[in-house]
Amino acid sequence: MTEATQRFFDSLPSRAPDLLGGLTDGTLQIDLGSDHQTEHWLVRMRPGSVQISRERGPADAIWFSSAALFDRLITGEAQGVAAVLRNESTFSGNVVLFLAFRRFFPNPPGTRDPREAARRAAGRPA
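None of these values were measured; they are calculated from a predicted model. (Residues numbered from 1 in each chain as written. Predicted model: local features only at pLDDT ≥ 70, side-chain atom pairs only at ≥ 80, totals over all residues. Heavy atoms only, no water.)

## Points about the UniProt feature "domain: SCP2" (unreviewed entry) in the chain
Following the UniProt record, one finds the feature "domain: SCP2" (unreviewed entry) at residues 15-105. Between the end C-alpha atoms of residues 15-105 the distance is 11 Å, and the span holds 27% helix and 37% strand. (UniProt positions renumbered as here; feature names shortened; annotations may be inferred. Helix = DSSP H or I, 4+ residues; strand = E, 2+ residues; numbered from the N terminus.)

## So, the sheet that holds strand β1 (residues 26-34)
What the five strands build is an open sheet, ordered β3-β2-β1-β4-β5; its pairing is mixed. Each end of this open sheet is capped by a strand with a single partner; those strands are β3 (49-53) and β5 (90-93). Within this sheet the neighbouring strands show an average axis-to-axis angle of 20°, counted without direction. Note that strand β4 (residues 61-66) and β5 share four bridges and pair antiparallel. Paired with tryptophan 63 across the two strands is phenylalanine 91, which belongs to β5. Helix α1 (residues 3-19) contacts β1, β2 (37-46) and β3 of the sheet and is inclined by roughly 150° relative to β3. (Pairing = 2+ DSSP bridges. Axes fitted to C-alpha atoms, helices over the stretch in contact; angles between N-to-C directions. Contact = heavy atoms within 4.5 Å.)

## Focus on the nonpolar core
General note: in soluble globular proteins, nonpolar side chains tend to be found buried as a group. By size, the foremost hydrophobic cluster in this structure holds 26 residues, and its most contacted members are Phe8, Phe9, Ile30, Met45, Trp63, Phe70 and Phe101. Mapped onto this core, the elements with two or more residues apiece are α1, β1, β2, β4, α2 (67-73) and α4 (95-101). When neighbours within four sequence positions are excluded, isoleucine 30 is seen to be in contact with Phe9, Glu39, His40, Trp41, Val43, Trp63, Phe70 and Phe101. (Core = buried A, V, L, I, M, F, W, Y, C linked by side-chain atoms within 4.5 Å. Buried < 20%, exposed > 50% of the residue type's maximum accessible area, 1.4 Å probe, protein only.)

## Notes on α1
Think of an α-helix as turning once every 3.6 residues; residues three or four places apart then point the same way. The end-to-end C-alpha separation of α1 is 23 Å, in line with the 24 Å expected for 17 residues at 1.5 Å each. Along its length, α1 reaches its greatest deviation from straightness, about 55°, at proline 13. Regarding α1, the residues found buried are Thr5, Phe8, Phe9, Leu12 and Ala16. Considering only its buried residues, α1 is in contact with β1, β2, β3, α2 and α4. (Expected span 1.5 Å × (residues − 1). Bend = angle between axes of the 7 residues up to and from the residue.)

Listed below in structure tokens is the structure:
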């Protein structure tokens, strides 16, 4: 496990109130593979809160990714849904949990909110 991965998971509980709401209710097991080893993270999501542990299931959904891909996800260099669609990672179970969890990933470097870009083009403050 990289230090960046540990910091990412450590940050989730403080970020959850701003990012999780609505129908988010369940447990996502994240399996990160590297060098014939798999690290397990259990993420229990509820509206506005997250609990993290290093255990395995039971889980409502399981997401497998290489540790290297996960490091790219937590820096915004890769996108979770695109990785699943390209079969770079696998997912099974309640897809709402995966979609909710991806809110914790940053936007790609250099991206801007299109509304902000339009306001600037019109000469209005952002």
